[in-house]
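Results of the structural survey
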Amino acid sequence: MTQPTDNRREALLAAALSAAERGWPVFPLRPDTKRPALHGEASCPRTGVCASGHRKWEQRATTDPDRIRATWSHGPFNVGIATGPSGLLVIDLDTPEHKGSSDAPDGAATFRALCERAGHAVPDTYRVRTASGGTHLYFSTPLGARMANTAGTVADSVDTRAWGGYVVAAGSTTLAGTYEPLCGPVVACLPSWLHSILQPAPKHSQAPSVAVAGQSRRYADVALAAETRNVARAQVGEREATLFRAARAMGRFVAWGDLPRHVVEQALQEAGEAAGLSASECRSTLRSALDWSIAHNQNRRDAA
């Protein structure tokens, strides 16, 4: 790196303090990398902050300026932001190269297409360009929501970081490049339609753990009827997200052989159009959501 070590350390300290001032707990990452610079459980000394047991990076992240200054006095550490404790959900739009293949879809393009299908513009919020050329979109989470990380749930090459995850803060530098802010510091609230898409499919615990074919089919029929009603009654602004979630929920019954795909598609297509979505919007949403759900539900989860 061309920047003198002392200057780099001061710049990274400033980045850490800036994040902390916004209420975002930070922790050190190894210089020029995205890896935490904290000891692991196997080497934990069980002293200091770990006196009562090993504390991981999410627990040790802090907004205390004195602790931050003390940590960054030891070296030019990159800055990690613990997204969950920060009340953040960060959408990570990957580049094809980051996925290991130039044929992989571009996260920015697939996310933009999702927004268009939902009838919304790409949300305007604080954005950071990553070292690999991708983009991080920062959102504040709804009060009381405890959201988890996702990989490909929103769209292809689109991941999210919340509880259990972290992002590299603007100002950090890796061998691939620098994390740079792309706009002003305002962080928007997570749009309700995105929040809906990121909600896990409801668990139907009342389903028999080992269902005979007839019972399983009857249960699938009931579930399809319920999801169809939900889609048909969806309000403006929630229609695409409701259809998306319904298709994700019903895809597992297709994967398990309980319902033919064309039956699910026809029922949800008609419900989506009844709610006011266009035929093409319904088809596009159903195709992507069902493809994902079928691929990720090959094993019946309630049969263990």
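These numbers were taken from a predicted model, which means no experiment stands behind them.

Looking at the overall build of the protein
Within the protein, the secondary structure is distributed over 9 helices and 12 strands. Expressed as a percentage of its 304 residues, the buried residues of the protein come to 46%. Long-range contacts, defined as pairs at least 24 residues apart, comprise 74% of the intrachain contacts of the protein with a sequence gap of at least 6. For the protein, the computed accessible surface area is about 15000 Å², with 51% contributed by carbon and sulfur atoms.

Some words on the packing of helix 8 (residues 261-275) against helix 9 (residues 279-295)
Following both chains from N to C, one finds helix 8 and helix 9 inclined at 140°, their axes separated by 10 Å at the closest point. In terms of orientation, helix 8 and helix 9 fall into the oblique class. Between helix 8 and helix 9 lies a crossing of right-handed hand. From helix 8, Arg261, Val264, Glu265, Leu268, Gln269, Gly272 and Glu273 reach across to helix 9, where they touch Ala279, Cys282, Arg283, Leu286, Arg287, Leu290, Asp291 and Ile294. Of the residues assigned to the contact of helix 8 with helix 9, the class counts are 7 nonpolar, 2 polar and 6 charged.

Side note on the packing of aromatic side chains
Within this structure, the stated rule accounts for 8 aromatic pairs. Relative to Tyr166, the ring of Trp57 lies with its centre 4.9 Å away and its plane at 75°, an arrangement referred to as edge-to-face. Placement of the pair is Trp57 in helix 2 (residues 57-60) and Tyr166 in strand 8 (residues 166-168), with a sequence separation of 109 residues. Overall, Tyr166 belongs to the partly exposed group, its relative accessible area being 23%. Through pairs of rings, three or more aromatic residues link up here, namely Trp24, Tyr126 and Tyr138. Above the ring of Trp292, the side-chain terminus of Arg248 is found at 3.9 Å from the ring centroid.

Focus on the pattern of salt bridges
A complete count under the given rule lists 7 salt bridges for this structure. Ionic pairing is found between Glu10 and Arg9, a salt bridge with its closest N-O pair at 3.1 Å. Exposure remark for Glu10: the relative accessible area of 41% places this residue in the partly exposed category. Of the residues examined, Arg9 reaches a relative accessible area of 19% and is grouped as buried. A salt bridge links Asp66 to Arg69; the shortest N-O distance between them is 3.7 Å. Placement of both Asp66 and Arg69 in helix 3 (residues 65-72) is noted, with a separation of 3 residues, approximately one turn of the helix. The class of Asp66 is exposed, set by a relative accessible area of 57%. Through salt bridges with shared partners, a single ionic network connects Arg261, Glu265 and Asp291.

Details of the environment of Trp163
The residue Trp163 is located in the loop between strand 7 (158-161) and strand 8 in this model. Under the relative-accessibility criterion, Trp163 is labelled partly exposed at 27%. Sequence separation between Trp163 and Met147 is 16 residues; the distance between their C-alpha atoms is 6.0 Å. Those residues in contact with Trp163 that lie beyond four places of it in its chain are Glu58, Gly84, Pro85, Ala145, Arg146, Met147, Ala148 and Asn149.

What about the side chain of Thr95?
Looking at the secondary structure, you find Thr95 in the loop between strand 3 (88-93) and helix 4 (107-118). Beyond its immediate sequence surroundings of up to four residues, Thr95 is in contact with Asp106, Ser132, Gly133 and Gly134.

Things to note about the nonpolar core
Ranked by internal contacts, the top residues of the largest apolar core, which has 45 residues, are Ile91, Phe111 and Leu268. Residue contributions to this core peak at 9 residues, all from helix 7 (residues 239-255). Residue contacts for Phe111: discarding those within four places in its chain leaves Ile91, Leu93, Val122, Pro123, Leu137, Val154, Val158 and Leu194. Judged by nonpolar contacts, the second largest core, of 30 residues, contains Leu17, Phe27, Val79 and Tyr126.

Reading the values: the criteria
- Residues numbered from 1 in each chain as written.
- Predicted model: local features only at pLDDT ≥ 70, side-chain atom pairs only at ≥ 80, totals over all residues.
- Heavy atoms only, no water.
- Helix = DSSP H or I, 4+ residues; strand = E, 2+ residues; numbered from the N terminus.
- Buried < 20%, exposed > 50% of the residue type's maximum accessible area, 1.4 Å probe, protein only.
- Contact = heavy atoms within 4.5 Å.
- Areas by Shrake-Rupley, 256 points an atom, 1.4 Å probe, with all protein chains shown as cover.
- Axes fitted to C-alpha atoms, helices over the stretch in contact; angles between N-to-C directions.
- Parallel < 35°, antiparallel > 145°, perpendicular 65-115°, else oblique.
- Left-handed = near helix turned anticlockwise from the far one by under 90°.
- Nonpolar A, V, L, I, M, F, W, Y, C, P; charged D, E, K, R; others polar.
- Phe/Tyr/Trp six-rings, centres within 6.5 Å; stacked < 30°, edge-to-face > 60°.
- Lys NZ or Arg CZ within 6 Å of the ring centre and 35° of its normal.
- Salt bridge = Lys/Arg side-chain N within 4 Å of Asp/Glu carboxyl O.
- Core = buried A, V, L, I, M, F, W, Y, C linked by side-chain atoms within 4.5 Å.

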